[in-house]
Amino acid sequence: MRAKHLILGLAAVIAAPAAAQADVLGTDRAACIGGGGPAIRVNVMGLKDRSGRLKLELYPANDDDFLKDDRDLLKEGKFFRRIWADTPADGQVSLCIKAPQAGRYALLFTHDRDGRNKFDFWKDGAGFPSNRKLGRSRPKLEQAVIEVGNGVTVTNIRAQYLRGLGGFGPVQG
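Residues numbered from 1 in each chain as written. Predicted model: local features only at pLDDT ≥ 70, side-chain atom pairs only at ≥ 80, totals over all residues. Heavy atoms only, no water.

Q: Describe the confidence of the model for the chain, listing the residues and the values that go with them.
A: Looking at the chain, the pLDDT average stands at 87 and 87% of residues meet or exceed 70. For the chain, helix 1 (residues 2–21) is the element with the lowest average pLDDT, namely 41, and strand 8 (residues 145–148) is the one with the highest, namely 98. A low-confidence stretch, residues 2–22 stays under pLDDT 50, and its non-local contacts, those more than four residues away or across chains, total 7 contacts. (pLDDT = per-residue confidence, 0-100. Helix = DSSP H or I, 4+ residues; strand = E, 2+ residues; numbered from the N terminus. Contact = heavy atoms within 4.5 Å.)

Following this line, the structure appears as C-alpha cells:
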C-alpha cells in the first residue's frame, strides 16, 4: 500500500509542471511548452479586470523600428510578431510569443479591455519587461528590451493603466 502512495505522489509531482504549462495562453503557446523556443513566456500581473483580450508584440530592438507600424516593418523585410489571447476569467496569466532566433528584441504587452484592436489611452493597459512606471511620455526602447535565449525566456510584466495626471502606472491593491 505504501508503494502505491509513493507512486501516486511521484506521478502528481511529474504532472504538476505539465499542468502549469497547459495554462500558457496565445497562438504561440506550443513554443513555451516542453522547453521549446526560442520563445518568451510572459507572466502578466496586475490586470485591472478580466475583460477584453491580451496582446504581445515583438519588435526589432532599435529606436527606428520600436513601435513602428507592423505593415511598414514587414514591407521593409524586418521582423515583427504579434499574438493575441482572450483574457481568462481567473487565475494566473501567462502568454507565449515565439522569436525567430536567440537575440535582443523589444517586447510590448497590451490589455485591450474593449476588444476593439485599437489602443485606447483612457481605458487600455500596457507593460514592458523593465516594469518601470510608464508615466505620460512615449515608451522608450530600453523599457522594452529583452534578451531571448535558445530556449524559453521567462519574464514578468506588471500591467499599467492611466492613473490621472501622473500618466500610466500599476493598479494599486
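Q: Tell me about the nonpolar core, and name the residues and values.
A: One finds I40, L47, L56, L95, L107 and F109 to be the most contacted residues of the largest nonpolar core, which totals 21 residues. Of all the elements in the fold, those that place two or more residues in this core are strand 2 (39–45), strand 3 (53–60), strand 4 (81–86), strand 5 (93–98), strand 6 (103–112) and strand 8. (Core = buried A, V, L, I, M, F, W, Y, C linked by side-chain atoms within 4.5 Å. Buried < 20%, exposed > 50% of the residue type's maximum accessible area, 1.4 Å probe, protein only.)

Q: I'd like to hear about the pattern of salt bridges, residue by residue, with values.
A: Any two side chains of opposite charge can pair, given that their charged atoms come close. Going through the model one piece at a time under the given rule, you end up with 11 salt bridges. One salt bridge connects R81 with D28, and the closest N-O pair in it is separated by 2.7 Å. Note that R81 is positioned in strand 4 and D28 in the loop between strand 1 (24–25) and strand 2, a separation of 53 residues in sequence. Given a relative accessible area of 26%, R81 falls into the partly exposed group. A relative accessible area of 4% means that D28 is categorised as buried. The partner of D65 in a salt bridge is K78, with the nearest N and O atoms 3.0 Å apart. In this pair, D65 is assigned in the loop between strand 3 and helix 2 (70–75) and K78 in the loop between helix 2 and strand 4, connecting sequence segments 13 residues apart. What makes D65 buried here is its relative accessible area of 3%. (Salt bridge = Lys/Arg side-chain N within 4 Å of Asp/Glu carboxyl O.)

Q: Go over the sheet that holds strand 9 (residues 152–158) with me, naming the residues and quoting the values.
A: Taking strand neighbours across the sheet as the criterion, the 4 strands line up as 1-5-2-9 in an open arrangement whose pairing is mixed. Because the sheet does not close on itself, it has two edges, and the strands there are strand 1 and strand 9. Looking at chain direction, strand 2 and strand 5 are connected through 6 bridges and run antiparallel. Residue pairing for strand 5: V44 is matched across the bridge by V93. (Pairing = 2+ DSSP bridges.)

Q: Describe the side chain of D70, with residues and values.
A: Examined against the element boundaries, D70 turns out to sit in helix 2. Sequence-distant contacts of D70, defined by excluding residues within four places in its chain, comprise F80 and R82.

Q: Kindly report on the packing of aromatic side chains, identifying the contributing residues and their values.
A: Any two aromatic rings considered together are summarised by their centre-to-centre distance and by the angle between their planes. A complete count under the given rule lists 7 aromatic pairs for this structure. Aromatic side chains F121 and W122 sit 5.5 Å apart centroid to centroid with 85 degrees between the ring planes, which places their arrangement in the edge-to-face category. Owing to a relative accessible area of 65%, W122 belongs among the exposed residues under this scheme. Three or more aromatic residues link up through ring pairs in this structure, and these residues are Y59, F66, F80 and F128. One residue, R53, lies across the ring of W84, its end atom 3.7 Å from the ring centre. (Phe/Tyr/Trp six-rings, centres within 6.5 Å; stacked < 30°, edge-to-face > 60°. Lys NZ or Arg CZ within 6 Å of the ring centre and 35° of its normal.)

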